[in-house]
Structures are given as structure tokens and as C-alpha cells.
Amino acid sequence: MHKKLIALVRGTSLNACEIQYYLPLLRHFSLLAVTSKGNPYPPPGFPIPVSKLWCPGDLLGSSRYGIELLRLILGDTQYLYGLDQALSGVSLISTIESYLACSYQTVRFSQKEKLGGKNIPVVVTANDNLPFIHEDTPIMKRHKYFVLENADHFVAITEAAKKVLIKEGVDGKKISIIPQALDVKLFSPAKNKKIKGVFTILALGRLTPEKGFAEVIAACHFLKNEFNKKFKLIICGEGADRNRLEQLVHKLNLSGFVEFLDGGIPYEKLPDVYRNADCLVHAAGDLLDAHGRVVWQEQFGRILIEAMGCGIPVVATDSGAVPEVLGGYGILINPNQPQILAREISRIIDSPKLRTAEIRKNLIFVRKTYAIEKISWNLINLYSNLLNG
């Protein structure tokens, strides 16, 4: 039986983390991944054909001035040259974010095909939980609302993302909430794990101010001096904030308590990073622009569900979609309160009973809510309905 072809258009951001929950779709559809030439992913032996296209973001997307220039000219850094030809023969297109240039290209392609009598639905995955952002230039705003008005369906990864789409003018009937997924076989607990020696705290992610690493370090200052705990904080990630964070560690006399690990860990190796820790701390907060306006909040925080899957307790701050993603599980506190954050970590250190209870209930929740099989089936149903509608 001939399978219909679905294109996954991802600009420069095709990655193992997201693509894993599309692989089960191969039982029902053929898939084509479209990314930029500068993206090193996927590795050899990848089970999906990949079309790599030239993208100016590969050359200029790492500099602020390059980004500003591309937004003025193309609306965004993610423009893919030759995309129309790459999409020849597809039956449905999945893309991400309404403001990306490649999303505008896919919707424009679909509109042109409709003029020729072909119906090629476009499904846009939306992560943003703040409305009316990514409208920095006239062309960027025009492209964004062209996508919002003309895409066939939207996948919001959270209820918050759905509310943003509705505020921006999308009919709620065109939106499905399908969260990110977790491979619960890959992200699974260590067998017979016991705390060996010093309690290990893990903080993982992009080293930028809004991700809250400075707050975690400040909490460790209280953990050491007020709560008299012995511990090791592992900070794993890459980003522009690393030097500032290292200076803060030195300033607070925590050099013997904090270790930095380079990011870039292969996705399949991440479970070991979690398993080697005794607790994950995620202290994200709001990012403000020069005028004091909130321009970013945590959109999902998938490290939370990865840590839960690997059987370690989670302490997180109430930022953006974090409460929704946690669903009442884990330990949630208000942001920018390092002393309270230290207190909650101290509780976990002191109470094996609390740790065991957190691990058990978190595992049940994450496997029930985010397992790849469930999320992939939701995508299969959505795509089938759009293709047969």
C-alpha cells in the first residue's frame, strides 16, 4: 500500500530530541526531513530521507548583527533556498513556529498548490507562551500573520501556547494540544541506585540568564552556609553566561562545591547524566527586554520530564509552562527565592523517604502523560484526519 509522504520542515533545528516521536509514524506514513546544510544532524544511518538546503542562518545566525540583517531582509534567519523543489510530491507538511521564515515558505507553497487543485495541509507546532512577540520587523510580522491566517492546523505543546494562538487570531478549532514526548525506555531509572558519597545536584540547559543558573548557585550558597549540607552541584550546558557564572561561584566561595560540564552531550548519553545525579534543579525565570517587558518564559522545560523518567526528584520554579508540564508533581516554588530553593533541596537531602516518594509518583506521571507511544498516536490521528478530511 502506498504511504502518503509527510515533510518535517525544521530549518536549522532538526534534532534527535524532537524527531524521536515522529519515527513511530513510519508505520503509517513516509517521512522526509528538511533541514539546513549547516545542521550536523542527523547521523549516518538515519531512517528518514533528509533534504539539506542552503540557509543564510547557517552563516549569519550566530551574530546579533547578522540576525538583525536577515530579519530586515527575509523576516527571519530560517529561510531555506530550494524548499519548494524539496517539497515536491508531499501530502502534508509539518513545520514549527509561525514566525519562522521556513514556516512562511511552507504555507505559501501550500497556497500555490491549492491554486493548481492540490490540497497539501500545513501543520505548525507552536511553543510560545507569550502573545505578540517575534514581530520585530514589518516583514517578520507580515510573515507571521500570513502563517497564522493560512496554516491548516496548529499543534500547541501546552495549554498556554494554545491561548497565545487564540489571542493572535487563530480559531481554537484549528488547534490541538500535543505536548513534547519522552522515550521512557531510554530515559529510565538506574537499577538499584543508592546515593554514593556526596549528594549530587544537577542543573542542565542553556547557560543564559533566564534559565536561572545564578539562582541555583545562590541557593547552594545557602545550602552550604545556612543548612550546613555537603553536596556537589553539576552545571551542564553551554552559553554566553558561563564566565559570569564561574565568577559567581568564585565570589561565593563555592569552587569546591560546583563543577561545570561542557554541553554538547549526545542525546542518547543524556540519561546517564541524570542517573549520576540525585536531584534536578530548574530555576528558570522571566526574560525582560530593555523596557521591562517580559519577552520569554519557560515554554516547556523538557529536562523536567527527562529527569522524572530517569528517577531523580525535581525542584523547579514557577515560570511559564512549568506548572502545566509538571501537572502537580515535582516540587514547585516561586522564582527568585534562592533561600527557599535551598530549603527544598535540603529537605530532599535529609529525607530518603521523601526522595523515594517523589521518584515513584513522578515516574508514574511521566510514563502516563508523555510516553512516545501516546504522543505519536495523537500525531497519527491528527495527520490522518487532515489527509482524509
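Our subject is the structure listed above.
Residues numbered from 1 in each chain as written. Predicted model: local features only at pLDDT ≥ 70, side-chain atom pairs only at ≥ 80, totals over all residues. Heavy atoms only, no water.

Details of the overall build of the protein chain
- Secondary structure summary: the protein chain contains 15 helices and 15 strands in total.
- Taking 21 Å as the expected radius of gyration for a compact globule of 389 residues, we find that the protein chain reaches 22 Å, a close match to that expectation.
- Overall size of the protein chain, expressed as C-alpha extent along the three principal axes, is 70 × 45 × 40 Å.
- In the protein chain, which comprises 389 residues, the share counted as buried stands at 53%.
- A distance of 6 Å separates the average location of the 47 positive side-chain charges in the protein chain from that of its 37 negative side-chain charges. (Helix = DSSP H or I, 4+ residues; strand = E, 2+ residues; numbered from the N terminus. Rg over C-alpha atoms; globule rule 2.2 N^0.38 Å. Buried < 20%, exposed > 50% of the residue type's maximum accessible area, 1.4 Å probe, protein only. Lys, Arg positive; Asp, Glu negative; His and termini not counted. Charge placed at Lys NZ, Arg CZ, Asp CG, Glu CD.)

Things to note about the packing of aromatic side chains
- Tallying each qualifying case throughout the model produces 12 aromatic pairs.
- With a centroid separation of 5.7 Å and an interplanar angle of 25°, the aromatic rings of Tyr21 and Tyr22 are classed as stacked. There is no split in this pair, since Tyr21 and Tyr22 are both buried.
- With centroids separated by 6.2 Å and ring planes inclined at 65°, the aromatic side chains of Phe187 and Tyr274 adopt a geometry described as edge-to-face. Residue Phe187 is found in the loop between strand 7 (175-177) and strand 8 (199-204), and its partner Tyr274 is found in helix 10 (residues 270-275); the two are separated by 87 residues along the sequence. (Phe/Tyr/Trp six-rings, centres within 6.5 Å; stacked < 30°, edge-to-face > 60°.)

Here we look at the sheet that holds strand 8
- One open sheet accounts for six strands, arranged 10-9-8-11-14-15; its pairing is parallel. Bordering the open sheet on either side are strand 10 (258-261) and strand 15 (331-333), each of which pairs with just one other strand. Ignoring strand direction, the axes of neighbouring strands in this sheet form an average angle of 20°.
- As paired strands, strand 11 (residues 279-282) and strand 14 (residues 314-317) are joined by three bridges and run parallel to one another. In the sheet register, Val281 faces strand 14, and the bridge partner there is Val315.
- In the packing of helix 8 (residues 213-225) onto the sheet, the strands contacted are strand 8, strand 9 (231-236), strand 11 and strand 14, and the crossing angle to strand 9 comes to about 175°. (Pairing = 2+ DSSP bridges. Axes fitted to C-alpha atoms, helices over the stretch in contact; angles between N-to-C directions. Contact = heavy atoms within 4.5 Å.)

Section: the nonpolar core
- By size, the foremost hydrophobic cluster in this structure holds 34 residues, and its most contacted members are Val9, Leu80, Leu87, Ile93, Phe154 and Leu165.
- With near-sequence residues (within four places) excluded, Leu165 lies in contact with Ala126, Leu148, Phe154, Ala156, Val170 and Ile175.
- In terms of nonpolar packing, the next biggest core, distinct from the first, is built from 33 residues, Ala307, Ala321, Val366 and Tyr370 among them. (Core = buried A, V, L, I, M, F, W, Y, C linked by side-chain atoms within 4.5 Å.)

Comments concerning the pairing of strand 11
- In strand 11, alternate side chains face the same way, and those of Cys279 and Val281 on one face and Leu280 and His282 on the other are all buried.
- Direction of pairing for strand 8 relative to strand 11: parallel, over a ladder of two bridges. Residue pairing for strand 11: Leu202 is matched across the bridge by Leu280.

Considering the packing of helix 11 (residues 302-309) against helix 14 (residues 352-370)
- Relative to each other, helix 11 and helix 14 sit at 120°, their axes nearing to 8 Å. As far as their axial angle goes, helix 14 and helix 11 are oblique. The handedness of the crossing between helix 11 and helix 14 comes out as left-handed. On helix 14, the residues touching Ile305, Met308 and Gly309 of helix 11 are Asn362, Leu363, Phe365, Val366 and Tyr370.
- Partitioned by chemical class, the residues of the contact of helix 11 with helix 14 number six nonpolar, two polar and no charged. (Parallel < 35°, antiparallel > 145°, perpendicular 65-115°, else oblique. Left-handed = near helix turned anticlockwise from the far one by under 90°. Nonpolar A, V, L, I, M, F, W, Y, C, P; charged D, E, K, R; others polar.)

What about helix 15 (residues 372-388)?
- In a regular helix each residue adds 1.5 Å, so 17 residues correspond to 24 Å; helix 15 covers 24 Å between its end C-alpha atoms and thus fits that length.
- Restricting attention to buried positions, one finds in helix 15 the residues Ile372, Ile375, Ser376, Leu379, Ile380, Leu382, Tyr383, Leu386 and Leu387.
- Here the buried face of helix 15 lies against strand 1 (5-9), strand 4 (92-96), strand 5 (122-126), strand 6 (153-156), strand 7 and helix 14. (Expected span 1.5 Å × (residues − 1).)

Re helix 5 (residues 101-115)
- Over its 15 residues, helix 5 runs 22 Å from end to end, which matches the ideal 21 Å to within 8%, given 1.5 Å per residue.
- Ala101, Cys102, Ser103, Tyr104, Gln105, Thr106, Val107, Phe109 and Ser110 are the residues of helix 5 that are buried.
- In this structure, the buried side of helix 5 is in contact with strand 1, helix 4 (83-86), strand 4, strand 5 and helix 6 (138-150).
- Of the residues one or two after helix 5, Gly117 is the one with positive phi, at around 90°.

Notes on the pattern of salt bridges
- Considering all chains together, one arrives at 20 salt bridges under this definition.
- The salt bridge involving Lys144 is made with Glu168; its shortest N-O contact spans 2.8 Å. One end of the pair, Lys144, is in helix 6; the other, Glu168, is in the loop between helix 7 (159-167) and strand 7, with 24 residues separating them in the sequence. Pair check on accessibility: Lys144 and Glu168 agree, each one buried.
- A salt bridge links Arg242 to Glu246; the shortest N-O distance between them is 2.9 Å. (Salt bridge = Lys/Arg side-chain N within 4 Å of Asp/Glu carboxyl O.)

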